[in-house]
Amino acid sequence: YYEIDFDVTLKSHQTFAVRAIKVLNDFSKGVPFTKCYQRKKLQIPDCYLEILMNYTKSLGQLCLADQTIKGKQGRLIHFFHFLEANGMTEISKIQSHHVLIYIDSLTNYANSTKETILYTLRDFFKFLTTHKYNAYHLARLFPVIRSNKLEKLPSYYTTDEIRMIL
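## Quick look at the nonpolar core
Across soluble globular proteins, nonpolar side chains show a tendency to be buried alongside one another.
So, step 1. Within the largest apolar cluster, 29 residues are counted, with the highest numbers of intra-cluster contacts made by F80, F124 and F125.
So, step 2. Secondary structure elements with two or more residues in this core: α2 (46-61), α3 (66-85), α4 (96-104) and α5 (111-130).
So, step 3. If we ignore the near neighbours within four places in the chain, the residues touching F124 are I51, Y55, L76, F80 and I91.

## Considerations on the packing of aromatic side chains
So, step 1. Per the counting criterion, the structure on display carries twelve aromatic pairs.
So, step 2. The rings of Y48, Y55, F79, F80, F82, Y102, F124, F125, F127, Y133 and F142 are connected pair by pair, giving a single aromatic cluster.

## A few points about the pattern of salt bridges
So, step 1. All told, the structure shown has two salt bridges when counted by the stated rule.
So, step 2. For the salt bridge of K72 with D123, the shortest nitrogen-to-oxygen distance reads 3.5 Å. Here K72 is found in helix α3, whereas its partner D123 is found in helix α5, with 51 residues between them in sequence.
So, step 3. Classification of D123 by relative accessible area gives partly exposed; the value is 27%.

## Topic: the confidence of the model for the protein
So, step 1. Summarising the model, the protein shows a mean pLDDT of 84, and 83% of its residues fall at 70 or more.
So, step 2. The secondary-structure element of the protein with the lowest mean pLDDT is helix α6 (residues 159-165), recorded at 73, while α2 shows the highest, at 96.

## A few points about the side chain of E115
So, step 1. Within the secondary structure, E115 sits in helix α5.
So, step 2. In this view, E115 contacts I145, R146, S147 and N148; residues no more than four positions away in its chain are not counted.

Thresholds applied
- Residues numbered from 1 in each chain as written.
- Predicted model: local features only at pLDDT ≥ 70, side-chain atom pairs only at ≥ 80, totals over all residues.
- Heavy atoms only, no water.
- Core = buried A, V, L, I, M, F, W, Y, C linked by side-chain atoms within 4.5 Å.
- Buried < 20%, exposed > 50% of the residue type's maximum accessible area, 1.4 Å probe, protein only.
- Helix = DSSP H or I, 4+ residues; strand = E, 2+ residues; numbered from the N terminus.
- Contact = heavy atoms within 4.5 Å.
- Phe/Tyr/Trp six-rings, centres within 6.5 Å; stacked < 30°, edge-to-face > 60°.
- Salt bridge = Lys/Arg side-chain N within 4 Å of Asp/Glu carboxyl O.
- pLDDT = per-residue confidence, 0-100.

As structure tokens, this is what we get:
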């Protein structure tokens, strides 16, 4: 009605408008409104829930930070949704072509984000092979993950670099 898609990243003026609309909507229904409206997160497809929980438990045993584990979970949930949408609901049957199609679908991501996704997938596939969930050794798809460390602009310039620019 207000031509605002609530599920995309909004500009600041749109965020304000969306919040006002949601508060007024809740008020009109007699529902208490919340301080903060969060986007709905992707839910784990049921067919992958157990494997994700087992993988998460193994990450916890490695003493990884909670934020690291949550990041890996989020990337894998996205991957699992892709698999489910393409009719793949059994972890044991995932093959290299499924993974390659998924990677090709990551067109709107920055290179650094793609690299992070690849690292997560490689680690997950090593877990699958080690624990005999999948016999295809999918981690071999990523023997080397190339990253361009010079892709970002530097966060600061030295005095000599500023002189050269001027």
